[in-house]
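# A closer look at the structure
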Amino acid sequence: MEQSSGPRSVKIGDDERLGWSSERPRREGGPQRPTDISTRNRVLRPSEELLYSPGSLVVIASTAPADAESLLSRLIQTKGALFSMGKVRSLLTGRVTEDELEARAEELMASAIAKRIEAGDTVVLVTETLDREEREPFVRLAAAAGRPRHMVLFEPARVELDEEGKAALSDLRRRLTAGELGQEGFQTSLRLAGRTIGEVKRLDFQRPSRED
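Let us look at the structure shown here.

Rules and cut-offs
The numbering scheme is per chain: residues are counted from 1 as the chain's sequence reads. Owing to the predicted nature of the model, reporting of local features is limited to residues with pLDDT of at least 70; listing and counting of side-chain atom pairs is limited to 80 or more, with chain, interface and lining totals taken over all residues. By convention in this description, side-chain values take in all heavy atoms of the structure and omit both hydrogens and water. A cavity here means a set of 1 Å grid points, computed over protein atoms only, where a 1.4 Å probe fits but cannot escape. A pocket is an open set with protein on both sides within 12 Å along at least 5 of 7 lines, and lining residues have an atom within 4 Å of a point. Grid points are joined across faces, edges and corners, and a volume is the space filled by probe spheres set on the points. Each helix is a run of H or I in the DSSP string that is no shorter than four residues. Each strand is a run of E no shorter than two, and both are numbered from the N terminus. Residues are sorted three ways: Asp, Glu, Lys and Arg are charged, Ala, Val, Leu, Ile, Met, Phe, Trp, Tyr, Cys and Pro are nonpolar, and all the rest, Gly among them, are polar. Summary of the burial criterion: residues with accessible area below 20% of their type's maximum are buried, those above 50% are exposed, and those between are partly exposed, where the area comes from a 1.4 Å probe applied to protein chains only. Following DSSP output, two strands are said to pair if at least two bridges run between them. Polar contacts, as counted here, are pairs of nitrogen or oxygen atoms within 3.5 Å of one another; within protein the pair requires one atom able to donate a hydrogen and one able to accept it, and residues that are adjacent in sequence qualify only if both atoms are side-chain atoms. We call two residues in contact whenever any of their non-hydrogen atoms come within 4.5 Å of each other. The arc in question is formed by the directions pointing from the helix axis toward the C-beta atoms. Each axis is a line fitted through C-alpha atoms, taken for helices only over the stretch in contact, and angles between the N-to-C directions span 0 to 180 degrees.

## Considering the layout of surface pockets
Roughly 220 Å³ of internal volume is contained in the largest pocket. As for the largest pocket, its lining consists of 13 residues, of which Arg42, Leu44, Leu51, Tyr52 and His150 are closest to the centre. Looking at the lining of the largest pocket, the elements that each hand over two or more residues are strand E1 (42-44) and strand E2 (49-52). When residues of the lining of the largest pocket are assigned to their parent elements, the largest contribution, 4 residues, is made by E2. Considered class by class, the residues forming the lining of the largest pocket number 5 nonpolar, 5 polar and 3 charged. Estimates place the volume of the second largest pocket at around 150 Å³.

## What to know about the pairing of strand E5 (residues 123-126)
Residues Val123 and Leu125 of E5 are buried on one face, and the alternating residues Val124 and Val126, pointing to the opposite face, are buried as well. In terms of strand pairing, strand E3 (residues 57-62) meets E5 through 4 bridges, oriented parallel. In the strand pairing of E5, Ile60 is matched with Val126. One ladder, built from 3 bridges, connects strand E4 (residues 82-84) with E5; its direction is parallel. Bridge assignment links Leu82 to a residue of E5, and that residue is Val124.

## Points about the side chain of Arg175
Tracing the chain through its elements places Arg175 in helix H5 (residues 163-177). Of the polar contacts made by the side chain of Arg175, one reaches the side chain of Glu184; its length is 3.0 Å. In this structure, Arg175 is in contact with Arg135, Glu180, Leu181 and Glu184, ignoring residues within four places of it in sequence.

## Let's talk about helix H1 (residues 65-75)
Where H1 is concerned, the buried positions are Ala68, Leu71, Leu72 and Leu75. Within H1, the buried residues cover an arc of 100 degrees as seen down the axis, which keeps them to one side. Exposed residues on H1 whose side chains face more than 90 degrees from its buried face are Ala66 and Arg74. Buried residues along H1 sit in contact with E3, E4, E5, strand E6 (149-155), helix H6 (196-199) and strand E8 (202-205).

## What to know about unusual backbone geometry
Residues other than glycine seldom take positive phi values, yet Arg158 does so here, at roughly 60 degrees. Mapping Arg158 onto the fold places it in the loop between E6 and H5. Arg158 sits in the exposed class, given a relative accessible area of 82%.

## Examining the sheet that holds E3
Here we have 6 strands laid out as an open sheet, ordered E1-E7-E6-E3-E5-E4, and parallel in their pairing. Pairing within the sheet leaves two strands with one partner each, and these edge strands are E1 and E4. This sheet shows a mean twist of 20 degrees between the axes of neighbouring strands, independent of strand direction. Here E6 runs beside strand E7 (residues 188-193); their pairing, made up of 6 bridges, is parallel. For Met151, the partnering residue across the bridge sits in E7 and is Ser189.

Structure (structure tokens):
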């Protein structure tokens, strides 16, 4: 195992500059340190069948969310497990005002996902962006409930992105390939790009078989 020969740089927040002890209390009124949900991450290879354990949270981050949702609706066996903001918006359109739509959609989806996670049911979430901030609340819910957590980067060809989008995609792709998404709480990660997308025929949730 390689060891770094140089000094390590550690950034210390203002609320931690109170003394030398690692057990020092937090400054009164300061922000609470988030629970560490980091875990070991295994990078998977695409295959014809993507099988996860029942009760998993599978987050699909994509440069083309609508395409990802369309593919998943064909692949997934557990239809009620599939969530996206686009899907929830369509359910609420005509039932709430335009001004309320976005907030109500976010509220409804968050509530429904939380209930499924608490009940131990499978959740497949297609996010609208590649941002960690969008997926993190759901990953933390799943981690707190002891549910398996998986990431899939769905990257179809010929998707036009601006410079910011290209940078975000490049960073997420790099971290996924390096197995660094364990820092976000994901136990496995998988990249589907180009021709590998067409190779996947099924996404399902089964307990691993035991050999006698």
